[in-house]
Amino acid sequence: MILGVKKNILTIVLLLLCGIAKSQTFTISGTVIDSTSGETLIGAAVMDMRSGKGALTNSQGRYSLTLRSDSVLLRVTYMGYQAIFDSLLLKANTHRNYKMHSTLELKTVVIRGQRIDNAKSSQMSAVQVPIEQLKAVPVLFGEADLVKALQLLPGVQSGSEGNSGFYVRGGGPDENLFLLDGVPLYNVSHMGGFFSAFNTDAVKNVTLYKGSFPANFSGRLSSVLDVTTNNGNDKKIHGNASIGFISAKLNLEGPIRSERTTFCLSARRTYADFLLQPLVRKLADNRDYKLSAGYYFYDINGKLTHRFNDRSRLFASYYMGSDVVYTRIRTLATDVQEQYLNFDTKWGNIVASARWNYEITPKLFMNLTGAYTRYSNRVGVKYETETLETEEQESQQSTFSMNYLSKINDFTIRSDFDFTPNPDHSVKFGAMTTFHHFTPEVADAHLDAFSAAMMNSAFKLDTIVNQQKTPAGELSLYAGDDWSISDAVKVNYGLNLSGFLVEGKFYPTLQPRLSGRVMLGDGISLKAGYAYMTQFMHLLSTTSVSMPTDLWVPVTKHVAPMYAHQVAAGLFYEISGIADLSVESYYKHMNNILEYKDGASFFGNSEGWEEKVVMGNGWAYGVEVLLQRDFGNLTGWIGYTWSKTMRLFDRPGQVLNHGNPFPAKYDRRHDLSIVVSYKLNDRIDFSATWVYSTGNAATLSMQEYAQAQETAQEYADIDPESWRGYLTQPGDRNNFRMPDYHRMDIGANFHRQFEPREGRRPLSRTINVSVYNLYNRKNPYMIYESHEYSYKNYNGALVQLSIFPILPSVAYTLKF
Amino acid sequence: MKKILFPIIVALMISCEKVVEFDIQDSDRYVVVNSLPCTDSLVFANITYSRFFLDNQSFPPVTNAKATLEVNGTDYPSTGRDGANFNFAYRALAGDSLTLRVTVPGCDAIFCGTRIPSLPDMQAPLAEIDTLQPFNTAEITFTLNDPSGRNYYYIYITERDSGTRWNRWKEKWDTIDTVVTPYFNCLNMEITRPEVNSIEGMMNYFNKLLFCDSLIEQSQYEVKLSLMMLKDTAEHPLLKQYCLVVESLSPEAHRYTKEVIAAQGMGSYFTEPTRIFSNVNGALGIFAGIAKRKYPLTFTYKQPETSTKRPFK
């Protein structure tokens, strides 16, 4: 095996060195930035019109283009910006920075899913979405949501109604790697999954990979969502403030030291808890019972950027996001005794990172990153009683408190290098190591002496349960090259060598990646790709909604890593002057995936979780069609996915569904999204979305039967209408389909630019009006059996619960 | 503001329910054979059909079934049927090997087997109660001799429930004199000697404690049950005629009970539906032996030395 690995690495190194030897060449390198804000532009194209060679800017906005000594005519293009043409005689290595001007016309592009470099890129199954376009999609409560907008793209499915859960090409919700400035985020949901943790005001760029993963990504099976935050305007301080139906946001950015040091700060908080307080108080408005309760979430993004010189930059990023639920109950138990019950739950992420970006040579860039990630959830309960002194007894106080805590701490160091030996090769290589520290479910209880006596010594005074900490180490080395073999043929190939050390056991994996494209004609290309991915962590979750009790656990001695092979092929066609069309098909085979045993539940308890799961295989295949128009006043896309996702658990002792294949919970045959935007004029634009998908699968128990009793009297006491006394006999897993899902949302933006007063900043405002679920479709959120209804000649019925009827909302944004 | 805000919030928070149309037919019903032969009573088997999940009628008895109990090689045909219960003139004894055969016209042969475990080897419990605490708190201690091999226990407390009760089916008052499992605020079990911090996999289901001896394999250990009773029901505990019941379960009875508790404990929204263990060939249900000991509890009052205050009311 080791010999095989060495052979593969040698082959890769030889391939990487190919083509480096050429006639005398020089390199043009530099950065492409926005002329107004100074923000670097990711994915801008720099091309020599004479030779036809070109390069794209990397995630730091840098490019490197090596050309023969000659006169060159460079064209720099980026969507939404005016193209720059630059003519020069190349006699030596040259540094050129380009400042691009946003065009008025391209501001009209409201919604767009942009494939990376369209038909010419070797990368497939990836979507890069400008954040301004994501913000324009009409959404729930008017709260722009990055993840929900991405769910409208083919190959990406949502979970249940309104949920920001992410299901990519048959994968589970834990098989997606969410990167915030290159650092993994564990919990990307707020409010039980109705909102994602990404504040769109802080985000600059989003790229979603669904397959054909580049070699630098590893750790999850199904997708990578790479989110880059704003660096901050280096010219002047400006920002925006907005208030919507449920949250208020503030975004500030600007220079600390002009064109050297910038900052960007964004904050968001929901305020439903303030609005609902009068209602909560009204519910418990009496002398004996006082209630105060609420829920809110917040997130803060901060970033500092310092430019030492054109070759060196330092970035420091910070993210903190939390959900908080609190309840305070005060009860007057008797005339002399009061009871207090406090319940507090808080869960969320903290991410801090520092990154040094350095141009070692015009052809070689380096990124050195140190990062810390923490995900924690804490549940605290405190119960106090206070008895006043009376003639008959002394005053007494008793306190009982319990805390439950789960957390993960990750420390990561990674180095990434971009090497561009010539325009035909773009090499990436690097290394990453992460130290994980899992602390699942520490519970502690504290009692005072009186409470302990009252509980009759069943509990100790201070008890801490399960302080077990699981350290784990993860290592990843990678190298990959994007190689233009000819004008028609381009390949991207690479290797990722990853390993995971836990409980004294090391799991090494060698993950090859390969994708390529062949130009079939002008604007038509055929692409194909293969990726092998491994995942070393599992999410223990019981429900389809995101819960604070969901637990991340590492692989163990007994539970091996998951791995998946995915192949994809597609046709990409730019229909000149009309739209872009892509058709992709994929097949993915997943191994060692987990499912819960019949009746197993984690609900905040991971004890013995290895005994509660079974390990098996899954496969998914499908076809994705994307027809997209991104110019003119009418823009948008139509995305359609036909797919099938199956699971099989037939290993000895790990059988589900009698060892027969069954559809996965989120197996959907059809998924259709239509997204349309129309710009009426500079002051008004409209947008609308319509989505349709096959209903979710669920397991229905068709037959009920009596539970065994010890005595004849107990059988006689069984109440046929009660839930007790009978058992259910489930049918095949996921044997029932919920009704189909469809919904239409519409939105309109009304813009106004205020004339700036003397010496004041220019001001503009946008009023967003949107309607979620325009025709009030009752989509299923949950299905349950109820005997309060009847169906046909039965005394009961299957009842669906819908949670979001038609929901209008308004948001007001002020930019300054 | 409130007049506008509250209706909006209520309108938003309101959930919408709707009956789902579906074309699933009433699937074939199963024969269900349930029998828990126990050392304290005559053996009987409850034989019914299952029902479609949207029905809430009583489970229909299989009136044309024939049942035979075989005990250590001797056949005992059922002596009669009372509703769905087929009775046998045999009281199970510890160590018995039992086989139940049921024939239902039109169905495959139905058969199942079990063994009655040995009776729990224990001494009569001691019971103390303290009525001076906010709740009446009691301790019940006893010594249990755990025989070799894997053993399974089910421990609970019963009380006599007598009086009159409205029978909503017959719409009249019934005089009852039965035994039920009462509600306690808290019921904990500890192994006090040798001290065991936790008993792996112990389940507390409505104050019934189910566990196996995998972690406490010991020839003799002392058990302490701590429980809290509501004042109104426990003010005169002697009147309730509490009994301690300790059952020794066959492996089938343990697995079945454990899976039933797991299925009913969490609720259907958080788990996949459970397929409950069955050892009945050709049908659903369970045939599992139980050996039971039952001790009336005689409480003695425990007076804390430091307390001079009167009991809480």
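Residues numbered from 1 in each chain as written. Chains lettered and ligands numbered in written order. Predicted model: local features only at pLDDT ≥ 70, side-chain atom pairs only at ≥ 80, totals over all residues.

Okay, the overall build of chain B next. A tally of helices and strands in chain B yields three helices and 24 strands. Taken across its 313 residues, chain B has 35% of its residues classed as buried. Counting contacts in chain B only where the partners sit at least 6 residues apart, residues at least 24 apart contribute 67% of the total. (Helix = DSSP H or I, 4+ residues; strand = E, 2+ residues; numbered from the N terminus. Buried ≥ 20, exposed ≤ 12 C-beta atoms within 10 Å, placed from the backbone. Contact = placed C-beta atoms within 7 Å.)

A word on the overall build of chain A. Secondary structure assignment for chain A yields seven helices and 52 strands. When each of the 816 residues of chain A is scored for burial, the buried share is 44%. Considering only intrachain contacts with a sequence separation of at least 6, the fraction spanning at least 24 residues in chain A is 65%.

Attention now goes to the sheet that holds strand E6 (residues 84-89) of chain A. Residue and element names in this part refer to chain A. Read across the open sheet, the four strands follow the order E3-E2-E5-E6; overall the sheet is antiparallel. Two strands bound the open sheet, and with one partner strand each, they are strand E3 (54-56) and E6. Ignoring which end each strand starts from, the neighbouring axes of this sheet average 15° apart. In this sheet, E6 lies alongside strand E5 (residues 71-77) in antiparallel orientation, the contact comprising six bridges. What sits directly across from Leu73, in E6, is Ser87. (Pairing = 2+ DSSP bridges. Axes fitted to C-alpha atoms, helices over the stretch in contact; angles between N-to-C directions.)

In terms of nonpolar packing, the biggest core is built from 79 residues, with Leu146 and Val206 of chain A touching the most fellow members. Val31, Ala92, Leu249 and Phe299 of chain B belong to the second largest nonpolar core, which has 74 residues in total. (Core = buried A, V, L, I, M, F, W, Y, C linked by C-beta atoms within 7 Å.)

Moving on, we get to the sheet that holds strand E50 (residues 782-786) of chain A. The three strands lie next to each other as E50(A)-E51(A)-E1(B), forming an open sheet whose pairing is antiparallel. Both edges of this open sheet fall to E50 of chain A together with strand E1 (16-19) of chain B, since each of them pairs with a single strand only. The sheet shows a mean angle of 35° between the axes of neighbouring strands, taken without regard to direction. Both strand E51 (residues 797-802) of chain A and E1 of chain B contribute to a ladder of four bridges, which runs antiparallel. What sits directly across from Leu801 of chain A, in E1 of chain B, is Glu17 of chain B.

Let us now look at unusual backbone geometry. Residues and elements named next belong to chain A. Phi angles above zero are rare outside glycine, and Ser125 is one such case at about 60°. Tracing the chain through its elements places Ser125 in the loop between strand E9 (114-115) and strand E10 (126-130). Phi at Asn776 is positive, roughly 55°, even though this residue is not glycine.

This next bit is on the pairing of strand E20 (residues 221-229) of chain B. Residues and elements named next belong to chain B. Taken together, the nine bridges between strand E13 (residues 136-145) and E20 define a ladder with antiparallel strand orientation. Within E20, the position partnered with Ile140 by the bridge is Leu225. Examined bridge by bridge, strand E16 (residues 186-193) and E20 share seven bridges and lie antiparallel to one another. Looking across to E20, one finds that Glu190 is bridged to Lys224.

Let's shift gears to the domain arrangement of chain A. Residue and element names in this part refer to chain A. Examined at the domain level, chain A breaks down into domain 1 (2-108) and domain 2 (118-699 + 734-815). Listed per partner, the contact involves 36 residues of domain 1 and 32 residues of domain 2. Sorting the residues of the side of domain 1 that touches domain 2 by element identifies helix H1 (2-17), strand E1 (25-34), E3 and strand E4 (62-68) as the ones contributing at least two each. Tallied by class, the residues present in the side of domain 1 that touches domain 2 amount to 10 nonpolar, 22 polar and four charged. (Domains from an automatic or database assignment. Nonpolar A, V, L, I, M, F, W, Y, C, P; charged D, E, K, R; others polar.)

Turning our attention to the domain arrangement of chain B. Residues and elements named next belong to chain B. When the domains of chain B are assigned, the result is domain 1 (31-115) and domain 2 (121-276 + 290-301). Each partner contributes residues to the interface: domain 1 has seven residues there, and domain 2 has seven residues. Here the residues of the side of domain 1 that touches domain 2 are counted per class, giving three nonpolar, two polar and two charged.

This part takes up the confidence of the model for chain B. Residue and element names in this part refer to chain B. Across chain B, pLDDT averages 81, with 80% of residues at or above 70. When pLDDT is averaged over each helix and strand of chain B, the minimum, 54, is found for helix H1 (residues 2-13) and the maximum, 96, for strand E9 (residues 97-103). Below a pLDDT of 50 lies the segment residues 306-313, which in the model reaches six contacts outside its immediate sequence neighbourhood of four places, other chains included. (pLDDT = per-residue confidence, 0-100.)

Let's shift gears to the environment of Ile684 of chain A. Residues and elements named next belong to chain A. Along the chain, Ile684 turns up in strand E43 (residues 684-693). According to the C-beta neighbour criterion, Ile684 is exposed, with 12 such atoms within 10 Å. Between the C-alpha atoms of Ile684 and Ala748, which are 64 residues apart in sequence, the distance is 7.1 Å.

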